[in-house]
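# Analysis of the macromolecular model
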Amino acid sequence: QVQLAESGGGFVQAAGSLRLSCSASGSIASIHAMGWYRQAPGLQRELVTSITSGGSTYYIDSVKGRFTISRDNAENTMYLQMNSLKPEDTAIYYCHANLMLTDSYYYADYWGRGTQVTVFS
């Protein structure tokens, strides 16, 4: 019913940039919050940044000033501009959305399959 499709991952040298995209499709009535999580090998998945439908944002300290989250509510699409990348940013990045389906009365969490980001020095 709902698909979150990430794109934009890849290999980049330290100090470089990447832009991730996440497009939500399906029988979607409303999307509340969207966010990017990441999981590095051997570590738990962590929230990196999030944005509400009203545009309020949150960032973990380690990416403040380097990453920028944005979204296009009309297109159900979210972006993550990542600048000044560091090797410790290497992880699988997952798109998350808290949304309501057209045949539902509550919000639920949905996840993309993830996109690999590798930063080499």
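Throughout this document, residue positions are counted from 1 along each chain, in the order its sequence is written. Residue-level local features of this predicted model are given only where pLDDT is at least 70; pairs of side-chain atoms are given and counted only at 80 or more, and the full residue set underlies all totals for whole chains, interfaces and linings. Side-chain metrics in this entry use all non-hydrogen atoms of the structure; hydrogen atoms and water are not considered.

Next up on the list: the state of the cysteines. The disulfide criterion used throughout: a pair of cysteine sulfur atoms within 2.5 Å. The full count for this structure, using the stated rule, is one disulfide. The disulfide partner of Cys22 is Cys95, and the gap between their sulfur atoms is 1.9 Å. Here the S-S torsion is close to -70 degrees, and the disulfide linking Cys22 with Cys95 is therefore left-handed. On the criterion of sequence distance, the pair formed by Cys22 in strand E3 (residues 18-26) and Cys95 in strand E9 (residues 91-101) is long-range, its members being 73 residues apart. Strands here mean DSSP runs of E at least two residues long; helices mean DSSP runs of H or I at least four residues long; both are numbered from the N terminus.

Nonpolar side chains in soluble globular proteins tend to end up buried together. Put simply, a nonpolar core is a bunch of buried Ala, Val, Leu, Ile, Met, Phe, Trp, Tyr and Cys residues held in one set by side-chain atoms that sit within 4.5 Å of each other. Residue burial is assigned from relative accessible area. The probe radius is 1.4 Å, only protein chains are included, and a residue is buried under 20% of its type maximum, exposed over 50%, and partly exposed in between. Ranked by internal contacts, the top residues of the largest apolar core, which has 31 residues, are Met34, Trp36, Phe67, Met78, Leu80, Met82 and Tyr93. At the level of elements, strand E1 (2-7), E3, strand E4 (28-39), strand E5 (46-51), strand E7 (67-72), strand E8 (77-82), E9 and strand E11 (115-120) are the ones that each hand at least two residues to this core. Per-element accounting of this core gives the leading share, six residues, to E9. Excluding residues that lie within four positions of it along the chain, Met78 makes contacts with Leu20, Ser21, Cys22, Met34, Gly35, Trp36, Ile51, Ile69, Ser70, Arg71, Cys95 and His96. Whether two residues are in contact is decided by their heavy atoms, any of which lying within 4.5 Å being enough.

The next thing to look at is the sheet that holds E1. One bridge is not enough; two strands pair if DSSP finds at least two bridges between them. Spatially, four strands are ordered E1-E3-E8-E7 in an open sheet, and the strand pairing comes out antiparallel. Sheet topology places E1 and E7 at the edges, where each strand pairs with a single neighbour. Taken pair by pair, the neighbouring strands of this sheet meet at an average axis angle of 15 degrees, ignoring direction. Strand direction decides the pairing type here: E3 and E8, joined by six bridges, are antiparallel. When the bridges of E8 are listed, Ser23 appears paired with Thr77. Lines fitted to C-alpha atoms define the axes here, with helix axes fitted over just the stretch in contact, and angles between the N-to-C directions of these axes take values from 0 to 180 degrees.

Glancing now at the pairing of E5. Working note: regular strand, side chains alternate between the two faces of the sheet. In this sheet, E5 lies alongside E4 in antiparallel orientation, the contact comprising five bridges. Looking at the pairing, Arg38 lines up with Glu46 of E5. Between E4 and the antiparallel strand that follows it, E5, lie six residues; Gly42 among them carries a positive phi value of about 80 degrees. Hairpin connection, E5 to strand E6 (residues 57-59): the antiparallel pair is bridged by five residues, and Gly55 has positive phi, about 100 degrees.

Criterion for a salt bridge: a side-chain nitrogen of Lys or Arg within 4 Å of a carboxyl oxygen of Asp or Glu. Scanning the model with the defined rule gives four salt bridges in all. Arg38 is the salt-bridge partner of Asp89, the closest N and O atoms lying 3.0 Å from each other. On the criterion of sequence distance, the pair formed by Asp89 in the loop between E8 and E9 and Arg38 in strand E4 is long-range, its members being 51 residues apart. Exposure remark for Asp89: the relative accessible area of 1% places this residue in the buried category. One connected set of salt bridges, linked through shared partners, spans Arg38, Glu46, Arg66 and Asp89.

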